[in-house]
Amino acid sequence: MKTIKKSAVNNCKVREERDIMVLGRKSEWITKLHYAFQDLENLYLVMEYLPGGDLLGLMIRNGAFDEELARFYLAEIALALNALHSMGFVHRGEFR
């Protein structure tokens, strides 16, 4: 379950994230959303459990990827972005 403080959130981004998970139910590349609800302080997204964490966590635990593993994850990312684009969404990375 993802808990998001209402005071620190851009409602449009959270709504879009929720919409992607709802519309992406048929895609193996999009995390499934089971429930979404809120209370006075927080928004909650209850998603399917996917063990292993995120890509950055994997890199921190295992170090730099060799070429074969990097190729594998790059292909996975490309397929996920294609699924988003086919649903009419455009991913935009954030630069800080």
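Scope of this entry: the structure provided in the associated data block. (Residues numbered from 1 in each chain as written. Predicted model: local features only at pLDDT ≥ 70, side-chain atom pairs only at ≥ 80, totals over all residues. Heavy atoms only, no water.)

Following the criterion strictly, the structure yields four salt bridges and no others. Across the salt bridge formed by Glu-41 and Lys-5, the nearest N and O atoms sit 4.0 Å from each other. Of the two residues, Glu-41 sits in the loop between strand E2 (33–38) and strand E3 (42–47) while Lys-5 sits in strand E1 (residues 2–5), which places them 36 residues apart along the sequence. Two residues, Arg-71 and Glu-67, come together in a salt bridge whose shortest N-O distance is 2.5 Å. (Salt bridge = Lys/Arg side-chain N within 4 Å of Asp/Glu carboxyl O. Helix = DSSP H or I, 4+ residues; strand = E, 2+ residues; numbered from the N terminus.)

Taken together, three strands build an open sheet; the order of strands is E1-E3-E2 and the sheet is antiparallel. Each of the sheet's edge strands pairs with one partner strand only, and the pair in question is E1 and E2. With strand direction ignored, the average angle separating the axes of adjacent strands in the sheet is 15 degrees. Strand direction decides the pairing type here: E2 and E3, joined by five bridges, are antiparallel. In the sheet register, Ala-36 faces E3, and the bridge partner there is Leu-45. Of the strands in this sheet, E1, E2 and E3 are in contact with helix H1 (residues 11–23), which crosses E3 at around 20 degrees. (Pairing = 2+ DSSP bridges. Axes fitted to C-alpha atoms, helices over the stretch in contact; angles between N-to-C directions. Contact = heavy atoms within 4.5 Å.)

Limitation: the analysis is restricted to geometry and does not speak to function.
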